[in-house]
Amino acid sequence: RHSSHFCVCRGWGGARLVESKVSPEIMSDYDESVHDLAKDLLVEDGEKDIADYLSEGEGDDFNKLEPPSSLDESFPNTVVVGNLPKVGEAKTAKLMGVLNKLIDKFGPNEKHMPTNPETNETYGFVIVTFEDGECAAAAKQLNGMQLDKAHCFKVKSMDEFNEIADRPDEFIPQRTLNSFSRHDFRTWLSDKKCREQILLRYTKANVAETEIYWHDTMAGGPVLCYGGEAQKAAGKVWCDWRVLWSPQGSYVATFHQQGIALWAGPDFEKKVRLPMNNVQEIDFSPNEEFVLMWNGSHPSSNPDTAVAIFHILTGRCVRKCRTPMVTPGGGDFPHFLWSSDGKYLAEMTDSRILVRDTETWELIKDAEGKGAPLKFNNLSTFQWSPKGNVLAAWTLEKDNSHPARLVLVEIPSRAELASRSRTQCEAVMHWQSEGDYLCLQVTKLSKTGKRVSTNMEILRTREKQIPVDVVTVEDVVKGFFWEGQGKRFSVLTADELGHKPRLLIYVLGPEKCELICTFDLPSNSFNEVIWAPEGQYFVIASKSAAGGASSSGDLLFAGLTVDNKLEILHKDEHYMLTDVNWDPSSRYIITAVTQPFSTDQGGYKYSMEAGYALWTFQGRNLYREQKEKLFQVTWRPHPPSLLPPKKEIDIRKNIKQHSKKYDALDEQSKETARSAFRREREEKTRSFKLVLDRLADWKAEKEEENGWRKAQDAFNENQEWTQEEEKTEEQLGVTEELIS
């Protein structure tokens with residue numbers, strides 16, 4: 001007799017424990033004896049032969065049964081010390097002596113170190129049982145203790161050990177922090193019409209609007225996707241100030257007095273709020289795992305909360321610090337630069353670069369295993385490679401004894417990959433978008449500080465020993481611009497007086513860098529070349545500098561053929577132009593005149609010309625709209641392509657074949673638009689004719705009533721009218737064509 005849930009059956013096969021799993025309903029039917037209940041259950045389970053061996057008798061009443069015994073299955077006094085050396089019988093006593101010295105100080109105990117009979121070596125752990133639980137708990141201090149280079153103690157209580165041993169072989173991660181799902185963050189990329197999205201921030205009737213549009217060429221203009229309708233219906237404001245896309249387009253970040261809110265999904269739902277008062281600037285990590293926020297505090301004020309870094313998925317603040325004294329790129333922001341994969345974050349002083357691992361937020365370790373910064377003399381600036389964890393640092397010349405230097409450093413190994421030393425010069429670094437090349441634009445100076453010439457030193461960073469190509473330009477270099485994902489770059493030049501503007505385009509061949517074309521620009525105002533993200537096509541623009549003079553807005557749409565010949569596709573203008581942006585697919589371009597936010601000075605001069613225009617890559621204008629107070633207009637970024645490079649090359653080669661499907665869809669959309677236009681026109685024509693018919697009936701009725709028709713007929717009869725027909729022939733032209 002054990003409990004109401006089990007019964008013991010004895011037979012020729014010996015004792016057997018049978019689980020009955022009795023429900024309260026069954027118990028109520030058998031309120032007299034255990035015997036009857038056990039017999040019926042065995043019969044139901046097909047165990048009639050066992051039921052025959054049940055003891056005779058009615059058995060005990062349920063009400064008289066003893067309550068089931070509860071067993072204490074815990075071992076509070078026992079711990080398991082693991083990760084020990086596996087030793088044979090000859091060394092077991094020596095190992096046990098070492099363990100006795102370490103473990104016995106926590107209290108009296110018994111040890112058991114089992115041996116593997118197959119290898120005659122210990123299993124690598126010892127079971128220690130103390131006299132009380134307090135001693136066992138104290139022994140856990142040994143956890144993490146280094147016995148030697150290869151063995152570090154792992155101490156667990158026996159209860160924990162059983163739990164670990166019972167874990168399934170397949171690891172199932174458990175989320176311990178609240179987060180949100182990202183399953184629908186990129187549904188917009190699967191749009192059947194392959195449309196891009198545009199973000200607008202402007203003011204209308206003294207009300208700030210934030211709107212996201214589909215760029216739909218078939219509709220004749222942008223089509224509203226979301227404009228904060230849910231927030232307006234609830235009487236709330238979607239955005240208080242600025243708004244930004246994340247680097248891969250997954251989030252929209254809106255600025256508020258209390259911090260930043262991130263929105264995502266097809267309906268732009270709020271996913272997380274990141275609290276920080278008076279946020280002025282934010283900077284996402286390239287992988288969108290973190291976002292850095294800065295409240296605009298000056299380094300001299302030194303608040304410890306000026307900079308905050310949040311983990312986006314959990315909304316947890318992982319680091320806070322002061323505003324650094326130096327910004328790598330000059331200006332007020334950013335003070336920190338992310339590595340291309342988001343695993344490292346770097347800042348600088350005038351002599352050091354501090355690189356932190358974003359898993360621990362500790363400085364990367366040096367050769368001695370200690371966290372330490374990278375040290376440079378007279379450090380000027382640094383940049384990360386766009387693809388790869390390589391730092392390019394530029395140091396300034398000092399006292400003729402320390403020349404200016406360019407240093408490439410691999411992170412986290414801190415290995416110096418290459419260096420270049422220069423004297424009497426100024427320099428600017430330009431990384432190619434894929435990190436294959438780094439251009440060091442060196443302007444040589446005379447002893448009086450006058451510019452002599454400019455060298456473009458191209459470092460082939462992917463090749464062995466990093467060879468360098470040098471291109472010398474005698475004219476003044478106004479700008480250097482890499483082709484997107486390509487091996488070509490463009491240079492804008494002018495003479496010393498600022499006249500004779502020219503465009504130079506070079507290509508990096510397998511052996512050397514070659515000049516492939518030159519073009520005399522029609523105006524001195526051109527100051528920037530904006531390459532398409534996919535390369536080949538570009539726009540030469542005359543843009544207004546931030547806080548500078550207004551521009552003429554001249555635009556040249558151009559491209560390079562397969563054999564590197566320059567094609568000028570179209571010339572146009574957008575007066576007072578401030579922004580030129582390619583969409584991520586390299587199909588369309590936005591040109592815009594935007595004004596600074598109300599907190600900035602000088603925005604009024606752009607307000608009358610504020611607006612934006614949409615163009616094809618060939619320069620055909622698709623749409624233009626004036627908005628008196630336009631602050632931002634940007635394309636939604638794309639995440640990195642999932643296609644392998646070989647597949648992308650194959651698609652480019654067979655673009656006509658792949659485009660047939662989309663050409664058919666475009667033609668279908670055009671035909672649908674044409675049909676809708678014809679139906680609308682026919683409906684309006686029919687409605688207009690009905691109006692004319694009603695007017696004609698009304699006129700005839702009135703003429704009949706007042707006798708006007710009869711009087712008109714009588715008048716016409718009294719007139720002698722003659723009807724004459726005259727034909728005139730005129731020769732418009734003659735065309736002669738020879739038919740062979």
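See the structure shown above.
Description of the structure in this document. None of these values were measured; they are calculated from a predicted model. (Residues numbered from 1 in each chain as written. Predicted model: local features only at pLDDT ≥ 70, side-chain atom pairs only at ≥ 80, totals over all residues. Heavy atoms only, no water.)

### Things to note about the pairing of strand β27 (residues 390–395)
Burial of β27 is extensive: 6 of the 6 residues sit out of reach of the surface. Here 5 bridges tie strand β26 (residues 379–384) to β27, and the two strands are oriented antiparallel to one another. Note on β27: the bridge partner recorded for Thr381 is Trp394. Between the antiparallel neighbours β26 and β27 lie 5 residues, among them Gly388 with a positive phi of about 125°. Judged from the 6 bridges that link them, β27 and strand β28 (residues 404–410) form a sheet pairing that is antiparallel. Paired with Ala392 across the bridge in β28 is Leu408. (Buried < 20%, exposed > 50% of the residue type's maximum accessible area, 1.4 Å probe, protein only. Helix = DSSP H or I, 4+ residues; strand = E, 2+ residues; numbered from the N terminus. Pairing = 2+ DSSP bridges.)

### Observations concerning the sheet that holds strand β12 (residues 207–215)
Taken together, the 4 strands give an open sheet; going across it, the order is β13-β12-β11-β46, and neighbouring strands pair in antiparallel fashion. This sheet does not close on itself; its edge strands, each paired only once, are β13 (223–226) and β46 (629–635). Looking at each pair of strands side by side, their axes are set apart by 35° on average, direction ignored. Sheet topology note: the β12/β13 ladder contains 3 bridges and is antiparallel. By the bridge assignment for β13, Tyr213 is matched with Leu224. (Axes fitted to C-alpha atoms, helices over the stretch in contact; angles between N-to-C directions.)

### Considering the pattern of salt bridges
Applying the stated rule across the entire model yields 29 salt bridges. Residue Arg587 pairs with Glu196 through a salt bridge whose shortest N-O separation is 3.2 Å. Placement of Arg587 in the loop between β42 (579–582) and β43 (588–593) and of Glu196 in strand β11 (residues 196–204) is noted, with a sequence separation of 391 residues between them. One salt bridge in this structure joins Arg422 and Glu457, with 2.8 Å as the shortest N-O distance. Placement of the pair is Arg422 in strand β29 (residues 416–422) and Glu457 in strand β32 (residues 451–460), with a sequence separation of 35 residues. (Salt bridge = Lys/Arg side-chain N within 4 Å of Asp/Glu carboxyl O.)

### Observations regarding the packing of aromatic side chains
Tallied over the entire structure, the rule returns 20 aromatic pairs. Residues Trp238 and Trp263 carry aromatic rings whose centres are separated by 5.9 Å and whose planes lie at 90° to one another, so their mutual orientation is edge-to-face. Pair noted here: Trp238 is in the loop between α7 (229–233) and β14 (243–245) and Trp263 is in strand β16 (residues 259–264), with a separation of 25 residues, a long-range link. No difference in accessibility class separates Trp238 from Trp263, as the two residues are buried. Through pairs of rings, three or more aromatic residues link up here, namely Tyr437, Phe480, Trp482, Phe489 and Tyr506. The ring of Phe255 is capped by Arg242, whose NZ or CZ atom sits 5.1 Å from the centre of that ring. Across from the ring centre of Tyr202, 3.8 Å away, lies the NZ or CZ of Lys627, which sits over that ring. (Phe/Tyr/Trp six-rings, centres within 6.5 Å; stacked < 30°, edge-to-face > 60°. Lys NZ or Arg CZ within 6 Å of the ring centre and 35° of its normal.)

### Description of the nonpolar core
In this structure, Ile260, Leu262, Leu274, Ile282, Val291 and Met293 are the most contacted members of the largest nonpolar core, which totals 23 residues. At the level of elements, β15 (252–256), β16, β17 (269–275), β18 (281–284), β19 (290–294) and β20 (307–311) are the ones that each hand at least two residues to this core. Element by element, the count of residues in this core is highest for β16, at 3 residues. The residues contacting Ile260, other than those within four sequence positions of it, are Ala253, Thr254, Phe255, Val272, Arg273, Leu274, Val279, Ile282 and Met293. If you look at the next biggest cluster of nonpolar residues, it comprises 20 residues, including Val79, Ile103, Met113 and Val126. (Core = buried A, V, L, I, M, F, W, Y, C linked by side-chain atoms within 4.5 Å. Contact = heavy atoms within 4.5 Å.)

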